[in-house]
Amino acid sequence: MPVDHYENFPVASVLLPRRLVPAVEAIYAFARSADDLADEGEASPAERLAALQSYEDALGAIERGETAPNPMFARLAGVIRQYRLPLQPFRDLLSAFRQDVQTTRYPNFALLLDYCRRSANPVGLLMLSLYGAADARNVRDSDAICSALQLINFWQDVRIDRAKDRIYIPLEDLERFGVRPEQLDNCEAGAPWCALMAFEVARARALMLDGAPLALRLPGRIGWELRLVVQGGLRILEAIEQAGYDVFRRRPRLNKRDWLLIVWRALRM
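A brief report on the enclosed structure follows.

Of regular secondary structure, the protein chain possesses 14 helices and zero strands. The helix and strand sequence of the protein chain, counted from the amino end, reads α-α-α-α-α-α-α-α-α-α-α-α-α-α. For 269 residues, the compact-globule formula gives about 18 Å, and the C-alpha radius of gyration of the protein chain, at 19 Å, lands near that figure. With the C-alpha coordinates aligned to their principal axes, the bounding extent of the protein chain is approximately 55 × 50 × 30 Å. The buried share among the 269 residues of the protein chain stands at 52%. Of the roughly 12600 Å² of accessible surface on the protein chain, a fraction of 54% belongs to carbon and sulfur atoms. Looking at charge distribution, the protein chain has the averaged site of its 35 positive side-chain charges lying 7 Å from that of its 35 negative ones.

Below, the structure is given as structure tokens:
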């Protein structure tokens, strides 16, 4: 399955046990299609919100044990019952997608992290739930990894998000480093911008390293999956640094050499 829209989801990874592939694909189909409702096409904001509300209504029907006429929701209902998945992570995702329709600026980092809590962290919680490993300590570290991945995605996609009239870099950080929002339109990567991005990269790296012990605690395939996820995120941060923080013209793309390095670092964790 393509993963260009929902980057944080390890869909059908070669490390994913085959028994879990149908469950992950069902969850991913929900997440991606809902994300597309918020982001893609020419629908008006009101139409987008109405479509997302239909997803919310479908979750309510699943909760009540009603038969879903839509095949996607029927599959999702079966997965939720089979693995006893909580419904709140799905509702949190929808909350974040609605926010994408309505919110284009974040005054401070706390509000941005709250968005990450609903846009990214539910993915980790659902994966841990599929593996039967969703205890408090694991969820805490998973949240750190997922939020870090979301931040990394924001830092590398500044130009793409700006084209959608969205700025995910906290406005207080822009002001602190003397970067005006209009400079994002001009793709200016001068000294103030570099200082700002160095700060944001360090912030995302610290969050990723904070959650990284989870990859060493979890056994088997999920542990190796997480090692690669952690090292992949850290490698993208390195690529941003190596590009002189000019993500406007040199958006990081991992190549074969990068992946060999990621695998090597994962083995050495």
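Following the structure, the description resumes.
Attention now goes to helix α4 (residues 88-102). Between the first and last C-alpha of α4 there are 21 Å, a value that for 15 residues agrees with the 21 Å anticipated at 1.5 Å per step. Taken across its 15 residues, α4 has 11 buried, putting it largely inside the fold. The set of residues buried in α4 consists of Pro89, Phe90, Arg91, Asp92, Leu93, Leu94, Ala96, Phe97, Gln99, Asp100 and Val101. In this structure, the buried residues of α4 make contact with α1 (21-39), α2 (45-63), α3 (71-83), α5 (109-119) and α6 (121-130).

All right, on to the nonpolar core then. Counting 45 residues, the largest nonpolar core has Trp155, Ile169, Trp193 and Ile240 as the members making the most contacts within it. Among the secondary structure elements, those contributing two or more residues to this core are α5, α7 (136-156), α11 (191-211), α12 (213-217) and α13 (220-242). Take this core: its biggest share by element is eight residues, from α7. Not counting residues within four places of it along the chain, the set of residues in contact with Trp155 comprises Leu112, Tyr168, Ile169, Pro170, Met197, Glu200, Val201, Ala204, Leu237, Ile240 and Val247. Core analysis: the next-biggest nonpolar cluster, separate from the first, contains 34 residues, Leu20, Leu76, Val101 and Met127 among them.

With that settled, consider the pattern of salt bridges. Inspection of every chain in the model, using the stated rule, returns 23 salt bridges. Residues Asp39 and Arg166 are paired through a salt bridge, measuring 2.7 Å at the closest nitrogen-oxygen approach. Linking Asp39 in helix α1 with Arg166 in the loop between α8 (158-163) and α9 (171-176), this pair joins segments that are 127 residues apart in sequence. The buried category is assigned to Arg166, whose relative accessible area is 8%. With a closest N to O distance of 2.8 Å, Arg162 and Asp185 form a salt bridge. With Arg162 in helix α8 and Asp185 in helix α10 (residues 182-185), this residue pair connects regions lying 23 residues apart in the sequence. Of the residues examined, Asp185 reaches a relative accessible area of 46% and is grouped as partly exposed.

This brings us to the environment of Leu174. With respect to the secondary-structure elements, Leu174 resides in helix α9. Ignoring anything within four residues of it in the chain, the contact list for Leu174 reads Ile167, Ile169, Val179, Pro181 and Leu196.

Here helix α14 (residues 256-268) contains 13 residues, and its C-alpha end-to-end distance of 19 Å stays within 8% of the 18 Å for a straight helix at 1.5 Å per residue. Taken together, the buried positions of α14 are Asp258, Ile262 and Ala266. Each buried residue of α14 sits inside an arc of 75° when the element is viewed along its axis, so together they form one side. Across from the buried face of α14, at angles greater than 90 degrees, the exposed residues are Lys256, Arg257, Leu260 and Arg268.

Cut-offs used in this document
Residues numbered from 1 in each chain as written. Predicted model: local features only at pLDDT ≥ 70, side-chain atom pairs only at ≥ 80, totals over all residues. Heavy atoms only, no water. Helix = DSSP H or I, 4+ residues; strand = E, 2+ residues; numbered from the N terminus. Rg over C-alpha atoms; globule rule 2.2 N^0.38 Å. Buried < 20%, exposed > 50% of the residue type's maximum accessible area, 1.4 Å probe, protein only. Areas by Shrake-Rupley, 256 points an atom, 1.4 Å probe, with all protein chains shown as cover. Lys, Arg positive; Asp, Glu negative; His and termini not counted. Charge placed at Lys NZ, Arg CZ, Asp CG, Glu CD. Expected span 1.5 Å × (residues − 1). Contact = heavy atoms within 4.5 Å. Core = buried A, V, L, I, M, F, W, Y, C linked by side-chain atoms within 4.5 Å. Salt bridge = Lys/Arg side-chain N within 4 Å of Asp/Glu carboxyl O. Arc of directions from axis to C-beta.

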